[in-house]
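Chain and residue survey
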Amino acid sequence: MLKIDDLHATVADKPILKGLTLALNPGEIHAIMGPNGAGKSTLAYTLGGRPGYEVTGGTATLDGADLLDMEPHERAAAGLFLGFQYPVEIPGVSNLQFLRESLNSQKRARGEKELNGGEFIRLAKEKAALLGLDMEMLKRPVNVGFSGGEKKRAEMVQMGILDPKLAILDETDSGLDIDALKVVGAGINAIMRKSDKAVLLITHYQRLLDYVKPDFVHVLAGGRIVKSGGAELALELEREGYAEVVAA
Ligand code: ADP
Ligand code: MG
Ligand code: MG
């Protein structure tokens, strides 16, 4: 589904990704772990097409289509969802307006029928219930005054509504208490643990992986994948630290 081959990228002319290779098949959940500054967020932003992240070599395809050649909104319409460590606030736009416009613009881009008001509200209620988020929260402006946990739940509601093929979640666990972590983990499983979807979970700590069990774990260091393994690798990293495991 996602195939990244020898990807090189720079930020502010500084090389950050230096030959990163990774492949995700449908039905798989992969975790990427690594020390601070390793390039984890850079990978997510580069795949999302964020301005300022310049690809200087290599390829990335989603179901065979060249991701790097698409505009960010085209990547989203093609089925890519990015969840960010620091969700943005959008004063003056309610979550429901934002979500409905996001969904319908993707549907337009794919030539699918848009949802009308009633259909959209039913979908939003279903996904909000799944994530334990009150519908009243979704009537408020996007993320404004939301706690860390509420922002993440709202982001997972967004993921549920957009129903992507591939989700890349960058430190979705940061700032979550255990209750929120459980809800968010269960949400990821319910929405994305499917035979035709894949997830790339970027995380600094292994605790989210107690709730969302990865099929593969990769260590990103110095802009490349330096080690891959199963779920046990995350525990080993937690126990022994990156330096120890990467050197071994
Ligand atoms: P991680 O998410 O693994 O902690 P990042 O991808 O955020 O790492 O950062 C990788 C490297 O890129 C770091 O050295 C960081 O300082 C640098 N970097 C990230 N964003 C920028 C930026 N906007 N301008 C300059 N350097 C950046
Ligand atoms: Mg970081
Ligand atoms: Mg980061």
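Report on the accompanying structure.

What counts and how
Every chain is numbered independently, its residues counted from 1 as its sequence is written. In the order they appear in the text, chains get letters beginning with A and ligands get numbers beginning with 1. Predicted model: local features are reported for residues with pLDDT of at least 70 only, side-chain atom pairs are reported and counted for 80 or more only, and whole-chain, interface and lining totals are derived from all residues. Heavy atoms from the whole structure form the basis of all side-chain values; hydrogens and water molecules are not counted. For Phe, Tyr and Trp, rings pair up if their centres lie within 6.5 Å, where Trp contributes its six-membered ring, and each pair is then called stacked (planes under 30 degrees apart), edge-to-face (over 60) or tilted (otherwise). Summary of the burial criterion: residues with accessible area below 20% of their type's maximum are buried, those above 50% are exposed, and those between are partly exposed, where the area comes from a 1.4 Å probe applied to protein chains only. Here a helix means four or more residues in a row that DSSP labels H or I, a strand means two or more in a row labelled E, and each is numbered from the N terminus. A ring has a charge above it when a Lys NZ or an Arg CZ is no more than 6 Å from the ring centre and no more than 35 degrees off the ring normal. Here the expected span of a helix is defined as 1.5 Å times the quantity of residues minus one. The directions from the helix axis to the C-beta atoms are what the arc is built from. Polar contact criterion, stated in full: a pair of N or O atoms within 3.5 Å, where within protein one must be able to donate a hydrogen and the other to accept it, and residues adjacent in sequence count only if both atoms are side-chain atoms. Where helices are involved, their axes are fitted lines through C-alpha atoms of the stretch in contact, as for all axes, and angles between N-to-C directions lie from 0 to 180°. Between 65 and 115 degrees an angle is taken as roughly perpendicular, under 35 as roughly parallel, over 145 as roughly antiparallel, and anywhere else as oblique. Here a crossing is called left-handed whenever its near helix is offset anticlockwise from the far helix by less than a right angle, and right-handed whenever the offset is clockwise. Residues count as neighbours in contact if any of their non-hydrogen atoms are within 4.5 Å of one another. Any carboxyl oxygen of Asp or Glu within 4 Å of a side-chain nitrogen of Lys or Arg constitutes a salt bridge here. Proximity is defined per residue: any heavy atom of the residue falling within 4 Å of a molecule or strand makes that residue near it. Here the open area of atoms and residues is found with the Shrake-Rupley method and a 1.4 Å probe, where only the protein chains shown may cover a residue. As a working rule, the residues Ala, Val, Leu, Ile, Met, Phe, Trp, Tyr, Cys and Pro are called nonpolar, Asp, Glu, Lys and Arg charged, and the rest polar, with Gly in that last group. If DSSP finds at least two bridges between two strands, the strands pair.

**So, the packing of aromatic side chains**
Applying the stated rule across the entire model yields two aromatic pairs. Taken together, a centroid distance of 5.1 Å and an interplanar angle of 45° make the contact between Tyr45 and Tyr53 tilted. We classify Tyr53 as partly exposed; its relative accessible area is 23%. Between Tyr45 and Phe84, the aromatic rings sit 5.3 Å apart at their centres with planes inclined by 25°, giving stacked as the arrangement. Of this pair, Tyr45 sits in helix H1 (residues 40-48) while Phe84 sits in the loop between strand E6 (80-83) and strand E7 (90-94), and the two are 39 residues apart along the sequence. Given a relative accessible area of 24%, Phe84 falls into the partly exposed group. Between Arg50 and the ring centre of Tyr45, over which it is positioned, the NZ or CZ distance is 4.1 Å.

**Looking at helix H7 (residues 178-192)**
With 15 residues, H7 should reach 21 Å at 1.5 Å per residue; the first-to-last C-alpha distance of 21 Å fits that figure. Every buried residue belonging to H7 is among Ala180, Leu181, Val184, Gly185, Gly187, Ile188, Ile191 and Met192, and all of these are buried. End-on, the buried residues of H7 take up no more than an arc of 160°, which puts them together on one face. The N-terminus of H7 is capped by Asp177, whose side-chain oxygen sits 3.2 Å from the backbone nitrogen of Asp179.

**Digging into the packing of helix H3 (residues 95-109) against helix H6 (residues 148-162)**
Put simply, H3 and H6 touch, their axes get as near as 10 Å, and they point 30° apart. With respect to H6, the axis of H3 lies roughly parallel. Once H3 is placed against H6, the crossing between them reads as right-handed. In contact with Asn95, Phe98, Leu99, Ser102, Leu103 and Gln106 of H3, H6 contributes Ala154, Val157, Gln158, Ile161 and Leu162.

**Observations regarding the pattern of salt bridges**
This model, assessed by the stated rule, comprises twelve salt bridges. In this structure, the salt-bridge partner of Asp63 is Lys165, at a minimum N-O distance of 2.6 Å. Note that Asp63 is positioned in the loop between strand E4 (53-62) and strand E5 (65-66) and Lys165 in the loop between H6 and strand E9 (166-170), a separation of 102 residues in sequence. We note a salt bridge from Glu119 to Lys113, for which the minimum N-O separation is 4.0 Å. Taking the relative accessible area as the measure of exposure, Lys113 reaches 65% and is therefore exposed. Here the salt bridges do not stand alone but share partners, grouping Glu101, Arg108 and Glu114 into one network.

**Structural notes on the site of ligand 1**
Around ligand 1, the neighbouring residues are Val11, Lys14, Ile16, Pro35, Asn36, Gly37, Ala38, Gly39, Lys40, Ser41, Thr42 and Tyr53. Contact distances for ligand 1 include 3.0 Å between an oxygen atom and a backbone N or O atom of Gly39. For ligand 1, whose free accessible area comes to 560 Å², the fraction covered by protein is 64%. Secondary structure elements with two or more residues in the shell around ligand 1: strand E2 (14-24) and H1. If one sorts the elements of the shell around ligand 1 by residue count, H1 sits on top with three residues. Classifying every residue of the shell around ligand 1 gives five nonpolar, five polar and two charged.

**With respect to the sheet that holds strand E3 (residues 29-33)**
Spatially, the six strands line up as an open sheet ordered E6-E9-E10-E3-E11-E12, and their pairing is mixed. Whereas interior strands pair on both sides, the edge strands pair on one side only; in this sheet they are E6 and strand E12 (224-229). Each strand axis lies, on average, 20° off the axis of its neighbour in the sheet, ignoring direction. The sheet contact formed by E3 and strand E11 (residues 216-221) spans four bridges and is parallel.

**Regarding the pairing of E6**
Of the two faces of E6, the one carrying Leu80 and Leu82 and the one carrying Phe81 and Gly83 are both buried. The pairing of E6 with E9 spans four bridges and is classified as parallel. Bridged to Leu82 within E9 is Ile168.

**Topic: unusual backbone geometry**
Negative phi values dominate among residues other than glycine, just as trans dominates among peptide bonds. With a phi close to 50°, Ala12 is a non-glycine residue in the positive phi region. Topologically, Ala12 is positioned in the loop between strand E1 (2-11) and E2. For Ala12, a relative accessible area of 71% corresponds to the exposed category. Unlike most non-glycine residues, Glu171 shows phi in positive territory, near 45°. Looking at where Glu171 falls in the secondary structure, it is placed in the loop between E9 and H7. Judged by its relative accessible area of 11%, Glu171 is buried.

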